[in-house]
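# Coordinate analysis (summary)
As a plain string of letters, each chain reads:
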Amino acid sequence: MPTPIIIDCDPGHDDVFAIWLAAGNPDIDLLAVTTVSGNGYLEHTTRNARVACTVAGVTGVPVAAGAERPLMRQAAPATWIHGDNALGGPDLPEPTVPLDPRTAVQLISDIVREAPVPVTLVPTGPLTNIATFVLAEPALAAKVREIVWMGGSTGRGNVGAYPEFNAWSDPEAADIVVRSGIPFTMVGLNITHQALVTDEVIEGVRAIGNRTALFGAELLRFFSASYQAVEGIPGPLHDPVAVAIVIDRTVATSVHARLDIETKGTETAGATCVDLHNMLRREPNAQIAMELDVERFWSLVKDSVRALA
Ligand code: BDR
Ligand code: CA
C-alpha cells in the first residue's frame, strides 16, 4: 500500500521537485500540499505550489495556505537563491489548481483525523504550520506516523556558519516539533549537498521532454546558477531528498542521535545541534539522514517527472 503523506512546503524550486517526486511515485499517496512562508512570502509560495501542480497535471490533491510568518519572528524570504517570487526562471502559468478554503492546519488536522492509517508529514520549509498543528491538536499526534523534515544540518549552515534556512526561519517552531514526541527524521544540508544539480542532471531532466520536464529544467537552470553565484557550487536539490527517503529508506543511511534546536544564540539561532558522538548522554530523539545513494535519488526524481504531464 502506498505511504500516505502530506507535504508542507514553501516553493521554492526544490520544493516543486519534492511535490513532483511524491505525485509521480507509485509508492506515495500524496494527500495534500500545504504552504508556509519561507523561500517567499506566503502569497508566492502558495501560488507556486498551485503552479507546480498545474504544470504537472496534479489534480485532486488539495492545496491549502498556512502561516504568513514564523511563530515569533518576521518572514525573511530567500530571494538570493529563489528570486523575488520564490520561483525564478520560467514564466509562470496562471494556476488552475484551486486553493482549498481551509487553513493548512485545518486541512492537516482533517486529513490526519480521518485517515484510516497514520499519515507521514513531510515538511520542506520552516516548521511553523507543523508546530501550530502539534500545539492545536495534541491528540492527533498518535495518528502521525512520522515527520521527515528537510532542514537543519549536522555541520555547516547556509544562512550563517551553523543555521540552515528552514531551521533559522522558525527555530521556535522547530524546537516544538522536535520535542513533540512524534518520530522525527532530519534531512539536513549534510545529506542534501550530495544531490547536486549539475549540468548533466539538468540535461537529463530536460531530455525527458514532457511539459513537467521542460519547465523543471528551467527551474533547475535558475536554481543552480543562483547557487553558483552565491556559494560557488551547483545547487543542492534539498527538498526531494526527504520525499525520496519516505519512498525508499535504503536511498540514505541514517543514525539515531540526539537533536536539539538552538533558539537563542546570537550567531547560532536555528542551529540544529546533532550530538553524533553522544557527548550529552541524552536520549536519542531523531533519525539523522547521512549518506545518499545519489544515482538512485536522481533516478527516482526522473521516474516521477516522466510519469507526470
Ligand atoms: C532549504 O531552504 C530552502 O531555500 C529550500 O527550499 C530548502 O527547503 C535549504 O536550506
Ligand atoms: Ca523548501
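Before going into details, it helps to say that this report is about the structure given with it. Small disclaimer: the values here were computed from a predicted structure and weren't measured. (Residues numbered from 1 in each chain as written. Chains lettered and ligands numbered in written order. Predicted model: local features only at pLDDT ≥ 70, side-chain atom pairs only at ≥ 80, totals over all residues. Heavy atoms only, no water.)

This paragraph deals with the overall build of the protein. Looking only at helices and strands, the protein features twelve helices and nine strands. Here the C-alpha atoms of the protein give a radius of gyration of 17 Å, agreeing with the 19 Å that 2.2 N^0.38 yields for 309 residues. For the protein, the residues scored as buried account for 59% of the 309 residues in total. Long-range contacts, defined here as pairs at least 24 residues apart, represent 82% of the contacts in the protein between residues at least 6 apart. Of the roughly 12100 Å² of accessible surface on the protein, 52% is carried by carbon and sulfur atoms. For the protein, the centre of its 21 positive side-chain charges and the centre of its 36 negative side-chain charges are spaced 3 Å apart. (Helix = DSSP H or I, 4+ residues; strand = E, 2+ residues; numbered from the N terminus. Rg over C-alpha atoms; globule rule 2.2 N^0.38 Å. Buried < 20%, exposed > 50% of the residue type's maximum accessible area, 1.4 Å probe, protein only. Contact = heavy atoms within 4.5 Å. Areas by Shrake-Rupley, 256 points an atom, 1.4 Å probe, with all protein chains shown as cover. Lys, Arg positive; Asp, Glu negative; His and termini not counted. Charge placed at Lys NZ, Arg CZ, Asp CG, Glu CD.)

Given two aromatic rings, their pairing is described by the distance between the two centres and the angle made by the two planes. Applying the stated rule across the entire model yields seven aromatic pairs. Each ring, one from Phe-17 and one from Trp-20, has its centre 5.0 Å from the other, and the planes form 65°; the classification is edge-to-face. Placement of the pair is Phe-17 and Trp-20 together in helix α1 (residues 13-24), with a separation of three residues, close to one helical turn. Like Phe-17, the residue Trp-20 is buried in the burial classification. The interplanar angle of 75° and the centroid separation of 6.3 Å between the aromatic rings of Trp-80 and Phe-165 together place this pair among those described as edge-to-face. (Phe/Tyr/Trp six-rings, centres within 6.5 Å; stacked < 30°, edge-to-face > 60°.)

So, about the pattern of salt bridges. Counted according to the given criterion, the structure contains 17 salt bridges. As a salt-bridge pair, Arg-221 and Asp-199 come within 3.2 Å of each other at their nearest N and O atoms. Here Arg-221 is found in helix α10 (residues 211-231), whereas its partner Asp-199 is found in helix α9 (residues 199-206), with 22 residues between them in sequence. Take Asp-199: its relative accessible area is 52%, and that puts it in the exposed class. Through salt bridges that share partners, Asp-100, Arg-102, Asp-110, Arg-113 and Glu-137 make up one connected network. (Salt bridge = Lys/Arg side-chain N within 4 Å of Asp/Glu carboxyl O.)

Working note: a packed helix pair is described by the angle between its axes plus the distance between those axes. Axis separation between helix α2 (residues 42-56) and α10 bottoms out at 8 Å; the angle between their running directions is 140°. Judged by the inter-axis angle, α2 sits oblique to α10. Residues Val-51, Thr-54, Val-55 and Ala-56 of α2 form the contact with α10, whose participating residues are Arg-211, Thr-212 and Phe-215. Class assignment of the residues belonging to the contact of α2 with α10 gives a composition of four nonpolar, two polar and one charged. (Axes fitted to C-alpha atoms, helices over the stretch in contact; angles between N-to-C directions. Parallel < 35°, antiparallel > 145°, perpendicular 65-115°, else oblique. Nonpolar A, V, L, I, M, F, W, Y, C, P; charged D, E, K, R; others polar.)

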